[in-house]
Amino acid sequence: MSLETSMEGSSMNVGQKRAAVACAFCRQRKRKCDGDTPQCMNCRSKGLECIYQELTTQKYVFYLSFGDSDSTLVEEGKKTFINSTIRNSEQNSSEAQLLRLEAIEALLREHSAALEALKLSLGSYTTTPTPALGSDHLDVHSSRVAKRFNLQTPVSTFSTRVLNDFTSRSSQVDVDDVPPLTIPLHHQTSASSLLALPQMRCLAGEFPEEFFFQVEDSRPRSVPLQSTITWGELEPQLTFIDRTQADGYLERFFTLVQQFHPFFDRSNLVARHDEIRSGGFQFNNESALFLAIFALGAIASDPVDHGRDSYSGDVFIRSSLKIVLSSWTATFSGDAVLSQTLVLCALYFTYTAEPLAAWRFIHMASTSIQQILIRCKDLTSNEVEIQDITRLSWTCYIIESDILAEFHQPRSGIELAVDKMLFPNYGNSPTLENLYSLAEIRGRSLLNRIHHTVYFTDSLTLYVGQVPNTSSSNLSPRPIPDASFLRVCEELDCQLETWYDSLPDPIKPDLLGNLQGNKQACLLRLRYWSAKQNIYRPFVIYVTSQTPGHDIDVPQTVLERCQKCLSACRTFLLTAGYILSERTPYTYSTAQCSLASVLVLSIAARSSALRNLVDDIEMLQNLTIELLKPWACPGSSVECALEIVGSISRKQRFRNQLQH
């Protein structure tokens, strides 16, 4: 229907319907719609269903006079208008949430197709079949956990509980729109957000907003960062490095670091190493790159010890930082080697669990990369230079997203840049680490969309199930999370299962059975359980926000979602030890997710409606303490997290003693 047609016959009658100028898709995405039927040009080009919604315009007339009868009419009119506004606001909010999910399915199909194409080249891999999800595997793992952490509480009941919770899959639901890859600035998924909840105060006490950011910001700077304050030449001992020692660092880099972020071609990097060895280290970007590589090769094998304030890679990273910061200040058009070195420096600080330092360097790297991207004419090319920058861009995206999931820091823009890029092309014979990298990109992207779809809203509206009352500052409680929100969560859960099911067999982790495996498989497993608990966490927060000490009638639908969230939190904690037992780029993010998981479990244990679902809370709190303890460096946010969990655990034991 055209605009002219919709204008004809229009009048001022209350409630008359008019045709919308733009279709639902164009209106939501704020795109110009040509109004063609049955499909506008935008929907036709994307293969989407084009829907023109008819909107009802209502007019409320307030009669203003000094008479009592007229005043009553005014008040009634105001109430009618306010109630209608609230209903329309809630409906629009629900529709907006659903519209954000429109093309997630299409995107996942695209991702699945990319991985399916790679499956064809996997014939040379020999893999062990994935064990069945039997309770025997879980019981064996449970006993190992108890033995390793010297826990007294048996965890064998975990097996049956988890198997019962996750035997069914969510049904497929149609979607309307896809949110961007960006994590919204004021999302409510971090551990700091959980600490700010009212129901958390009686457990952990009062904490300021962005508590963990404030702790990290005031944390004493590490030795490598202190050395960047003064400029100078390379460290004297670096003018000549023994060839055997250098080769050892390079090999450890390939073995322990490159597996997580394979943005280097091994043969090319070895050739570059031979070239720089023949000429010696100089004050240039190429030398800075290999010094950073040596630093990572050294620190990746350092033992985990929260008492140390220096690492075996510090001598290399100090000189690398001096070079790269000097080069950064004088480079304005972007440089590939400089960008690679900045990413390596960021990675170094992920291995030392210094998230803000890592954020600083990944932000610098992302800016340098985008300076290169805006001058590239064809980002779809398979040229070596283009693929190098593509792999580097996706690496920046993953590292930055992990940090921004915990801290409200400025975005570099790399999320928007990769949203328009193809996946890295690893050729016809991708290695397993290449496949893990592609799966990690998809997993991180899904987590970002959960942040954006579920948690990009006011925390009270999301968690407590309340909406602002237009006529006052009070909050009017809503009895249960509405059906549209439930549909959004179920659809996201379906997307999560789609991601897991699409993983090629050689890299698909066993979620509940054999929990051993390489670090990449453990990482994918943690991504799955982290996403699962984030999807259903609002239901736990809703139930625990009710008045404590009073029995409440919680709908079975809500209880089932709470059970999914709590089981996901439990499984995350039971499997996080495989990542936290050694140095990896995911140390800090795993530690913070572990804290968030135990906080959710702890507030559930105080709820009369949920405490039967977390009867093993004491064991899980003790397990979290053991997970965090090796990384609790003095003055760090992990040290604060350890103290918080310890305090909650002591209060839990005291309450249990009083009850008995």
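Residues numbered from 1 in each chain as written. Predicted model: local features only at pLDDT ≥ 70, side-chain atom pairs only at ≥ 80, totals over all residues. Heavy atoms only, no water.

In the annotation of an unreviewed UniProt entry, the chain is listed under the name Zn(2)-C6 fungal-type domain-containing protein and assigned to Scytalidium lignicola.

(A) Representation of the pattern of salt bridges. Within the structure shown, the criterion is met by 16 salt bridges. With a closest N to O distance of 2.9 Å, Asp274 and Arg243 form a salt bridge. Here Arg243 lies in helix 12 (residues 243-257) and Asp274 lies in helix 13 (residues 266-279), a separation of 31 residues in the sequence. Of the residues examined, Arg243 reaches a relative accessible area of 37% and is grouped as partly exposed. By sharing partners, the salt bridges in this structure join Asp402, Glu440, Arg444 and Arg527 into a single network. (Salt bridge = Lys/Arg side-chain N within 4 Å of Asp/Glu carboxyl O. Helix = DSSP H or I, 4+ residues; strand = E, 2+ residues; numbered from the N terminus. Buried < 20%, exposed > 50% of the residue type's maximum accessible area, 1.4 Å probe, protein only.)

(B) Focus on the nonpolar core. With 167 residues, the main nonpolar core has Phe212, Ile293, Leu344 and Phe361 as its most contacted residues. Per-element tally for this core: the top contributor is helix 23 (residues 519-544), with 15 residues. Each of domain 2 (220-425) and domain 3 (442-466 + 479-659) contributes no fewer than three residues to this core. When residues no more than four places from it in sequence are discounted, the contact partners of Ile293 are Leu250, Phe253, Phe264, Leu269 and Leu344. Judged by nonpolar contacts, the second largest core, of nine residues, contains Ala22, Cys33, Cys40 and Cys43. (Core = buried A, V, L, I, M, F, W, Y, C linked by side-chain atoms within 4.5 Å. Domains from an automatic or database assignment. Contact = heavy atoms within 4.5 Å.)

(C) Layout of the packing of aromatic side chains. The tally for this structure, following the rule as stated, stands at 20 aromatic pairs. Summarising the aromatic geometry, the rings of Phe260 and Tyr586 are spaced 5.8 Å apart at their centres and angled 65 degrees between planes, so their arrangement reads as edge-to-face. With Phe260 in the loop between helix 12 and helix 13 and Tyr586 in the loop between helix 25 (577-580) and helix 26 (587-605), the pair connects residues that are 326 residues apart, well separated along the chain. Phe260 gets classed as buried once you look at its relative accessible area, which sits at 5%. Overall, the relative accessible area of 2% leaves Tyr586 in the buried class. Note on Tyr348 and Phe349: the rings are 5.8 Å apart at their centroids and 90 degrees apart in plane angle, and the pair reads as edge-to-face. In this structure Tyr348 comes out as buried when scored by relative accessible area, which is 1%. Its relative accessible area of 0% is what places Phe349 among the buried residues. Between Lys508 and the ring centre of Tyr500, over which it is positioned, the NZ or CZ distance is 5.2 Å. (Phe/Tyr/Trp six-rings, centres within 6.5 Å; stacked < 30°, edge-to-face > 60°. Lys NZ or Arg CZ within 6 Å of the ring centre and 35° of its normal.)

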